[in-house]
Amino acid sequence: MSEQKMSRRSILTALGVTGAALATGQFIQVTSAQQGTVTGHIYGGGPGGLPDMLKKRVLALDSIADLNGYEGEYAGRQVHLIGYMPGTDTGGGIYYWDADCPKSAHNGGTIISPTVPFDMNNLAGFLQRAGETDPSGLGCWMAIGLLVDVNTVSALVAGGRRETFHFEGETSISSEIFAKSSLYAWNAEIVQTAVDHSIVYFTGVPGPSYKDIVGFRLAQPDSSSPGGGTANNHASIKFGGGEFNRVMLNKVDTAALGISFGYGSIHLPRRRHEYGVAAFNSFRNIEKMAIENIGASYSMIVGNGVDGIRGNSHGIRLSGYGKPTDAADAECEGVVGAANVIRGMQTGVSMQNTAKGFNLSALYMENVGYAVHAIKGTSQANNPTLGRLDFSSKNVGRGIWSQGASYTTYDFTINGTSEGAGVEELTESSAEGHNVYRGVMRRTAGTGAMIRYSYQVIDLLIDSPAQSGCVLSGGFCRGSVTVTGAGSNGVAVYGSNNKLEVVAANCAGYELLIAGNRNVMDVNIDGDILLTGSDNQLRGFVSGTITVQGQGNDITGVQGYTARGRYAGTTNAAGEVAIPLGLRSYSKGFSVTATVEDAAENVSCRLFSLDSSGVATFAVFANNVPVTSSSVVIHWQAQAL
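Residues numbered from 1 in each chain as written. Predicted model: local features only at pLDDT ≥ 70, side-chain atom pairs only at ≥ 80, totals over all residues. Heavy atoms only, no water.

J.: Which parts of the structure should I look at to understand the overall build of the chain?
T.: In terms of helices and strands, the chain carries four helices and 52 strands. The buried share among the 641 residues of the chain stands at 54%. Sequence separation of at least 24 residues holds for 50% of the intrachain contacts in the chain that already meet a minimum separation of 6. (Helix = DSSP H or I, 4+ residues; strand = E, 2+ residues; numbered from the N terminus. Buried < 20%, exposed > 50% of the residue type's maximum accessible area, 1.4 Å probe, protein only. Contact = heavy atoms within 4.5 Å.)

The following block contains the structure:
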């Protein structure tokens, strides 16, 4: 048997009238609706030649031309068009008779007035109701689902009301399609020949609602894209306001921008787009952004794949406008998503002005410039805030780059960065902090984590950063940090009033450096500690040396270490100098020694006393005679017993 495919027209022709009816259980093949009397001669029956037993069946007609002059015998009468144009099997679909629909609603696609003459040589005139013989009358054929050849897409979509369009075929367009109807495709492709506007733009007042665009392949020229950002007008699929619109199962190939859920007309009572769905779409060679939310809230982003070209672009953008700082009132709030893969973009996820309450989980990002990118808003109130991100990344330029984001939780793994830190909070006066960082990172090109804001929760495991493991400049943070193999210091604490658990080993610099004040540290250090701040408290185990340069530091609870320090002062009249060592507990005792810097061989320094507050009194001698009222620099060392 031949494997050659038969068209729908060929199948129906081969079956014939009776065969088609029997095969489908619902269609009656007639040559023309106006030849009902022929059917009547065959089957008998009432007006129109249709027997009562078949009156409720769907008529299978050849084309739109067969609806000319044919009015339904009753409300809801259905017909099935094999094709839109005579002699074709594309562009057809199911229509039903609506006796109350004004004939003035005719659009030549989803609404057909039987009193508009059909002329296949003047399709534009037919779409514009040219020749309507009953302009004030009632009664039209309404499309349930119209299968349209994409070569007629622009005219048909522009005239749509609330119905849907189904597409087949391929076409090129140079103008924008202003859509008012849902669009469905089976192997349909629309290639745009210019990139200065969108391919399909859903807009209007009120905004587009409950519209779908499903199953298309959309492409724009492979060229330098126009300016992006807020005023972009070149999204492949763009919505201007509205709600409950869905973009699913589309392939956007070589485009400036993929999907844009955007804010709508100033005439709308609520300008932002709401409840948009972007699901199971694929994006390839995207130059600007794949999925944009600009003045859009409550969007749902699920199961999309993005493979970009590392241009000035975002995989997912969250942004909007917030009064009183911004003129428009269209915030970006409550965007959620899961199971999205983003590769080859400049930024994986970008949170911007008014982004708040977002929750994006199960993200994977690879070969992107920034995995997560947060930009401060037009005011502190518009900074990104109260969000949650859960992602894994590989070979990114930077991991998390944050300018002012607050009250946001990050759960992540970062497998290598090539340009900078795994986590970096930028110096920002309006930053409130209160973020949560929980993650694993390795082989960062810069510092593992640079935490500059305060009141944060940190739980980090950092391996082999090129520079320091974690630099904490904020205050009142708590959590734990584990660092191995840092190219500089393991953990460096410049902020104050933090409470951390620190594990560090095999670092090129100090395993722990504390330059801030009043920090409380539980430590397990295989290496050395430098204390330059004051009134810090350490507990735990240190296998190396603790160098104390600040005042009032308590290393009471630390075991297994050697403490050392340097003190510059002046001896008294007895040749003595008192040095606070910061050793506050002596249950096990210390072995304390000291030397005088740059001293001659006959100069010595001896421990005279060590009181309960940790103050050691040393006496300086030259030839066993006290050196009185002299400036000295003493290096001391205390070995825990």
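Having put the structure on the table, let's press on.
J.: What is the right way to look at the state of the cysteines in this model?
T.: Here, the word disulfide means a covalent bond between the sulfur atoms of two cysteines. One pass over the full model with this rule turns up zero disulfides. For Cys-101, which is in no disulfide, the shortest distance to another cysteine sulfur is to Cys-140 and amounts to 4.0 Å. (Disulfide = S-S within 2.5 Å.)

J.: I keep staring at the pairing of strand 37 (residues 478-484) and nothing clicks. Help me out?
T.: Successive residues of a regular strand alternate their side chains across the two faces of the sheet. With seven bridges joining them, strand 35 (residues 457-463) and strand 37 adopt parallel strand pairing. Looking at the pairing, Asp-463 lines up with Thr-484 of strand 37. Judged from the seven bridges that link them, strand 37 and strand 39 (residues 499-505) form a sheet pairing that is parallel. The residue bridging Val-483 from the neighbouring strand is Ala-504, located in strand 39. (Pairing = 2+ DSSP bridges.)

J.: Looking at this structure, how should I read the environment of Val-302?
T.: Turning to its location among the elements, Val-302 is positioned in strand 20 (residues 300-302). Linking Val-302 and Val-277, residues 25 residues apart in sequence, is a C-alpha distance of 7.9 Å.

J.: Would you mind going over the pattern of salt bridges with me for this structure?
T.: Here the idea is simple: oppositely charged side chains can pair when their charged atoms come close. Applying the stated criterion across every chain, the model contains 18 salt bridges. A salt bridge links Asp-411 to Arg-388; the nearest nitrogen and oxygen atoms lie 3.4 Å apart. Of the two residues, Asp-411 sits in strand 31 (residues 409-417) while Arg-388 sits in strand 29 (residues 388-396), which places them 23 residues apart along the sequence. With a shortest N-O distance of 3.8 Å, Glu-424 and Arg-452 are connected by a salt bridge. Of this pair, Glu-424 sits in strand 32 (residues 423-425) while Arg-452 sits in the loop between strand 34 (449-451) and strand 35, and the two are 28 residues apart along the sequence. You can call Glu-424 buried: its relative accessible area is 18%. If you follow the salt bridges from partner to partner, you end up with Glu-71, Lys-103 and Asp-134 in one network. (Salt bridge = Lys/Arg side-chain N within 4 Å of Asp/Glu carboxyl O.)

J.: How do you make sense of the confidence of the model for the chain when you look at a structure like this?
T.: Where the model shows low pLDDT, its predicted coordinates should not be examined in detail. In this model, the chain carries a mean pLDDT of 82, and residues with pLDDT of at least 70 account for 78%. Segment residues 1-50 is flagged for pLDDT under 50; beyond a separation of four residues in sequence, or across chains, it makes 69 contacts in the model. Between residues 154-166, whose pLDDT stays under 50, and residues either more than four places distant or in other chains, the model counts 60 contacts. (pLDDT = per-residue confidence, 0-100.)

J.: Would you take a moment to explain the packing of aromatic side chains for this structure?
T.: The way to describe two aromatic rings as a pair is by their centre distance and the angle between their planes. In the structure shown here, the tally under the stated rule is 13 aromatic pairs. Judged by centre distance (5.3 Å) and plane angle (40 degrees), the ring pair of Tyr-70 and Trp-141 falls under tilted. Note that Tyr-70 is positioned in the loop between strand 2 (58-61) and strand 3 (78-81) and Trp-141 in strand 6 (residues 138-149), a separation of 71 residues in sequence. Relative accessible area serves as the criterion here: at 0%, Trp-141 is assigned to the buried category. Arranged with centres 5.3 Å apart and planes meeting at 5 degrees, the rings of Tyr-455 and Phe-476 form a pair that is stacked. Residue Tyr-455 is located in the loop between strand 34 and strand 35, and its partner Phe-476 is located in the loop between strand 36 (470-472) and strand 37; the two are separated by 21 residues in the primary sequence. Residue Tyr-455 is classed as partly exposed on the basis of its relative accessible area, which comes to 46%. (Phe/Tyr/Trp six-rings, centres within 6.5 Å; stacked < 30°, edge-to-face > 60°.)

J.: Honestly, unusual backbone geometry in this entry has me stumped. Any pointers?
T.: Trans peptide bonds make up the majority, and among non-glycine residues the majority have a negative phi. With a phi angle near 60 degrees, Tyr-275 is a residue other than glycine that sits in the positive phi range. With respect to the helices and strands, Tyr-275 occurs in the loop between strand 16 (273-274) and strand 17 (277-279). Despite not being glycine, Asn-367 has its phi angle at roughly 55 degrees, a positive value. Structurally, Asn-367 can be placed in the loop between strand 27 (359-366) and strand 28 (370-374).

J.: Sorry, what's going on with the side chain of Ser-113 here?
T.: Its place among the elements puts Ser-113 in the loop between strand 5 (111-112) and helix 3 (123-127). In terms of polar contacts, Ser-113 uses its side chain to reach the side chain of Glu-132, at 2.9 Å. Ignoring any residue separated from it by four or fewer positions in sequence, one finds Ser-113 in contact with Lys-103, His-106, Glu-132 and Cys-140. (Polar contact = N/O pair within 3.5 Å; in protein donor to acceptor, adjacent residues only side chain to side chain.)

J.: What exactly am I supposed to notice about the environment of Glu-511 here?
T.: In this fold, Glu-511 is placed in the loop between strand 39 and strand 40 (512-514). Each C-alpha atom of the pair Glu-511 and Ala-486 lies 8.5 Å from the other, and the pair is 25 residues apart in sequence. Polar side-chain contacts of Glu-511 include one of 2.9 Å to the backbone nitrogen of Cys-507.

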